[in-house]
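Each chain, letter by letter, is given below.
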Amino acid sequence: MQRRLGQSEITLSAVGLGLVDFAAGPGWLSRALFPPLDQPAKTAVVAAALGAGIDWFDTAEMYGFGASERALAVALRSLDVAPDAVTVATKWFPLGRTASHLGRSIGARCRALEPYPIGLYMVHHPFGFSTAIAEMRAMASLARRGLIHSIGVSNFSAAAMRRAHRTLAALGLPLAVNQVRFNLLDRRLETNGVLATAQELGISLIAYSPLAKGLLSGRYHREPALLARQGLRRRLMMPQNLRRTAPLIAALDAVAAAHGASAAQVALAWVLQRHGALMLAAVGATRPQQASAAAAAMAISLSAKEMALLTERSDYALA
Ligand SMILES: NC(=O)c1ccc[n+]([C@@H]2O[C@H](COP(=O)([O-])OP(=O)(O)OC[C@H]3O[C@@H](n4cnc5c(N)ncnc54)[C@H](OP(=O)(O)O)[C@@H]3O)[C@@H](O)[C@H]2O)c1
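Definitions and cut-offs
- Starting afresh in each chain, residues are numbered from 1 along the sequence in its written order.
- Per-residue local features are limited, in this predicted model, to residues with pLDDT of at least 70; the limit for side-chain atom pairs, both in listing and counting, is 80 or more; totals at the level of whole chains, interfaces and linings are taken over all residues.
- With hydrogens and water excluded, all non-hydrogen atoms of the structure serve as input to the side-chain values.
- Secondary structure is summarised from DSSP: a helix means a run of H or I of at least four residues, a strand means a run of E of at least two, and numbering begins at the N terminus for each.
- Radius of gyration here uses only the C-alpha atoms, and the compact-globule reference equals 2.2 Å multiplied by the residue count raised to the power 0.38.
- The rule is simple: take the accessible area with a 1.4 Å probe, protein chains only, and divide by the maximum for that residue type; under 20% is buried, over 50% is exposed, in between is partly exposed.
- The criterion used for residue contact is that any of the two residues' heavy atoms lie within 4.5 Å.
- The charged-residue count follows a simple rule in which Lys and Arg add positive charge and Asp and Glu add negative charge, with His and chain termini not counted at all.
- The location of each charge is read from NZ of Lys, CZ of Arg, CG of Asp or CD of Glu.
- One speaks of a salt bridge when a side-chain nitrogen belonging to Lys or Arg is within 4 Å of a carboxyl oxygen belonging to Asp or Glu.
- Note on terminology: near, applied to a residue and a molecule or strand, indicates that one of the residue's heavy atoms is within 4 Å of it.
- Identification of polar contacts relies on pairs of N or O atoms within 3.5 Å, with a donor-acceptor requirement for protein atoms, meaning one able to donate a hydrogen and the other able to accept it, and with residues adjacent in sequence counted only if both atoms are side-chain atoms.
- Areas reported here follow the Shrake-Rupley algorithm with a probe of radius 1.4 Å; residue values treat only the protein chains shown as occluding.
- Any residue that is not Ala, Val, Leu, Ile, Met, Phe, Trp, Tyr, Cys, Pro, Asp, Glu, Lys or Arg is counted as polar, Gly included; the first ten are nonpolar and the last four charged.
- Given the number of residues in a helix, its expected span is that number minus one, multiplied by 1.5 Å.
- Throughout, bend refers to the angle between the axes fitted to the seven residues that end at a position and the seven residues that start at it.
- Note on terminology: a nonpolar core comprises buried Ala, Val, Leu, Ile, Met, Phe, Trp, Tyr and Cys residues joined through side-chain atoms within 4.5 Å.
- In this analysis, strands are considered paired if DSSP registers two or more bridges between them.
- Every axis corresponds to a line fitted to the C-alpha atoms, with the helix fit spanning only the stretch in contact, and the corresponding angles, defined between N-to-C directions, vary from 0 to 180 degrees.

Engineer: Can you lay out the overall build of the protein for me, pointing to particular residues and giving the numbers?
Structural biologist: Per the secondary structure count, the protein includes 14 helices and 10 strands. The C-alpha atoms of the protein give 19 Å as radius of gyration, which agrees with the globular expectation for 319 residues (20 Å, within 12%). Along the three orthogonal principal directions, the C-alpha set of the protein runs to about 50 × 45 × 35 Å. Counting over 319 residues, the protein shows a buried share of 56%. For the protein, contacts bridging at least 24 residues in sequence account for 78% of all contacts bridging at least 6. Counting 33 positive and 19 negative side-chain charges, the protein places the centres of these two groups 6 Å from one another.

Engineer: Could you give an account of the pattern of salt bridges, naming the residues involved and the relevant values?
Structural biologist: In total, this model carries 10 salt bridges according to the counting rule given. Between glutamate 200 and arginine 162 there is a salt bridge, with its nearest N and O atoms 2.8 Å apart. You can see glutamate 200 sitting in helix H7 (residues 194–201) and its partner arginine 162 sitting in helix H6 (residues 158–170), a full 38 residues away along the chain. The residue aspartate 186 makes a salt bridge to arginine 188 at a minimum N-O spacing of 2.7 Å. Assessed through its relative accessible area of 9%, aspartate 186 is described here as buried. What emerges from the salt-bridge pattern is a single network uniting Glu61, Glu69, Arg97 and Arg109.

Engineer: Quick rundown of the site of the ligand? Include the residues and the values.
Structural biologist: In the neighbourhood of the ligand, 29 residues make up the surrounding shell, with Asp21, Asp58, Lys213, Arg219 and Thr286 lying closest. In the model, an oxygen atom of the ligand is placed 3.0 Å from a nitrogen or oxygen of the valine 20 main chain. A distance of 2.6 Å separates an oxygen atom of the ligand from a polar atom in the side chain of aspartate 58. Contact with the protein chains hides 91% of the accessible area of the ligand, taken as 900 Å² for the molecule alone. Residue assignment for the shell around the ligand shows that the elements contributing at least two residues are helix H8 (219–222) and strand S10 (279–284). Looking at which element gives the most residues to the shell around the ligand, the answer is S10, with three residues. Looking at the shell around the ligand residue by residue, the classes come out as 11 nonpolar, 11 polar and seven charged.

Engineer: Could you give me a rundown of helix H11 (residues 242–259), with the residues and numbers involved?
Structural biologist: Taking 1.5 Å as the rise per residue, H11 with 18 residues should run 26 Å; its terminal C-alpha atoms sit 24 Å apart, in good agreement. Its maximal kink placed at leucine 248, H11 deviates by approximately 25°. Regarding H11, the residues found buried are Leu242, Thr245, Leu248, Ile249, Ala251, Leu252, Val255 and Ala256. Among the structural elements, H8, helix H9 (225–228), helix H12 (263–274) and helix H14 (304–318) are those in contact with the buried residues of H11. Once H11 ends, the next one or two residues include glycine 260, with phi positive near 60°.

Engineer: Any chance you could break down the nonpolar core for me, citing the residues and the numbers?
Structural biologist: Core analysis: the largest hydrophobic core is formed by 95 residues, its most contacted members being Leu17, Leu205 and Leu252. Here this core takes nine residues from H12, the largest share from any one element. With near-sequence residues (within four places) excluded, leucine 205 lies in contact with Met161, Asn178, Val180, Leu189, Val194, Leu195, Ala198, Leu278, Met279 and Leu280. Met122, Ala176, Val177 and Leu280 belong to the second-largest nonpolar core, a separate cluster that totals 12 residues.

Engineer: Talk me through the sheet that holds strand S8 (residues 175–181); I want residue IDs and the actual numbers.
Structural biologist: Strand order in the closed barrel formed by eight strands is S3-S4-S5-S6-S7-S8-S9-S10, and the pairing between neighbours is parallel. Going across the sheet, the axis of each strand differs from the next one's by a mean of 30°, ignoring polarity. Across four bridges, the pairing between strand S9 (residues 204–208) and S10 is parallel. Within the sheet, the bridge partner assigned to isoleucine 206 lies in S10 and is leucine 280.

Engineer: How would you summarise the side chain of aspartate 186 if you had to cite specific residues and measurements?
Structural biologist: Positionally, aspartate 186 belongs in the loop between S8 and H7. A polar side-chain atom of aspartate 186 sits 2.7 Å from a polar atom in the side chain of arginine 188. Those residues within four positions of aspartate 186 in sequence are excluded, and the remaining contacts are Arg181 and Leu318.

The structure is reproduced here in structure tokens:
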């Protein structure tokens, strides 16, 4: 299942592999925040994703200050993947910085990913010292110099997204993407104007955390003690009301059984189907089987009745 990235020329598999789990480096904080995967384990996850039909990877400067980007490049090089065979999406971290930093730091990003080009470069969130207008002008300059192929934003509101789009359009470039959290337990984009604005302007949305960090697989409902064993970042970011979300997990299990799939795959299929071709998803994986399962979710076609059941249980969990 291929989807076009906004109005850009780039077409990608609907599911990409998100690499925040590749961010661990030396230091206690890093170990507290991210899973302790070594390079062979990371390479195996990348190999499984590629083998199952995933053709893009989502990383960021902030994922271990380049550790995730470097691990991806090491994995792709060791698998003999040609630079034009995959698309790498990465993100500039704006906190405490102005837009001029984009030009100063692009060399470091390219070196971390060498020899893989930056197919999509996003502003990670809207909390920089510069305006979205200044950031988009700096991004456009990188695109004109051939250092990035397309431009995106992440965690931008509808209004900020519109400003970014307008600035780039005046320079003859499309805003390809807004990457935002979207899953059965977080549907804010449906009511906060982001979805409507993306539809109006032809901007793709990349759903991040499409499995609610693994919660939608049902494993924590089956074994609640597992939650306490999660790292600090997961515990802080994962929705934890197991009672309220239990009916949704039961519906995911029932639909999954009908498709010979897992609850996690059905949760991902719901994300891909809910708003059609506008939506791609960046899913995380710490094991090769999770990456291949995520890719296989692209082949699941949920009926209107199944979609309605899952959406209704999502409504209940979110009420
Ligand atoms: N732009 C942003 O601000 C932003 C923010 C967050 C994330 N992201 C991007 O989105 C990507 C994905 O988000 P995420 O990692 O936060 O959450 P996610 O994709 O919802 O969950 C990923 C986690 O779920 C578990 N999992 C994966 N497949 C599974 C399966 N088949 N069955 C059971 N569990 C499964 C794994 O955890 P275990 O190790 O526990 O098995 C995996 O690490 C990130 O890697 C990153 O690229 C972007």
